[in-house]
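Observations on the three-dimensional arrangement
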Amino acid sequence: MLRLAPILAAVALALGGAATASAQATHTDCSRGYYKNVSGHCVHSPSSNALGATARCADGTFSYSEHASGTCSHYGGVAVWIHHPY
């Protein structure tokens, strides 16, 4: 009987599964409640704490992004910049 799981895994890897696996691996390099940004820094995930925030998102959470691009992208966009990252 032909086993498809190894074949499907190889196809997924060839079609970009490596990028997904890589993104998951870098995400786990940071402590809980943090994510690894494009610069490789662990940055606090958006929360209700304004201390150190760079922006307030449209849903009321605060972002600590080091880059303007993508800030609050999953939280309704930027409502107000507190300290615009350049």
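Attention in this report is confined to the structure presented alongside it.

Our next topic: the side chain of Ser65. As for its position among the elements, Ser65 is in the loop between strand S4 (62-63) and strand S5 (78-81). According to the relative accessible area criterion, Ser65 is buried, its value standing at 8%. If sequence neighbours within four positions are ignored, Ser65 has contacts with Tyr35, Val43, Thr54, Thr71 and Pro85.

Turning to the sheet that holds S5, a few remarks are in order. Here we have 3 strands laid out as an open sheet, ordered S4-S3-S5, and antiparallel in their pairing. Looking at the sheet topology across the chains shown, the edges are occupied by S4 and S5. As paired elements, strand S3 (residues 55-57) and S4 share 2 bridges and run antiparallel to each other. Bridging across to S4, Arg56 finds its partner in Phe62.

Across all of its chains, the model carries 2 disulfides by this definition. Across the disulfide, Cys57 is cross-linked to Cys72 (sulfur-sulfur distance 2.1 Å). On the S-S bond that ties Cys57 to Cys72, the torsion sits near -75°, and the link is left-handed. With a gap of 15 residues between them, Cys57 in strand S3 and Cys72 in the loop between S4 and S5 connect regions that are remote in the sequence. Cys72 sits in the buried class, given a relative accessible area of 3%. Cysteine pairing for the protein (bonded cysteines numbered in sequence order): 1-2, 3-4.

Before going further, it helps to examine the environment of Trp81. The topology assignment puts Trp81 in strand S5. Sequence separation between Trp81 and Thr71 is 10 residues; the distance between their C-alpha atoms is 9.9 Å. Those residues in contact with Trp81 that sit more than four places away from it in its chain are Thr54, Ala55, Ala68 and Thr71.

Cut-off values and rules
Residues numbered from 1 in each chain as written. Predicted model: local features only at pLDDT ≥ 70, side-chain atom pairs only at ≥ 80, totals over all residues. Heavy atoms only, no water. Helix = DSSP H or I, 4+ residues; strand = E, 2+ residues; numbered from the N terminus. Buried < 20%, exposed > 50% of the residue type's maximum accessible area, 1.4 Å probe, protein only. Contact = heavy atoms within 4.5 Å. Pairing = 2+ DSSP bridges. Disulfide = S-S within 2.5 Å.

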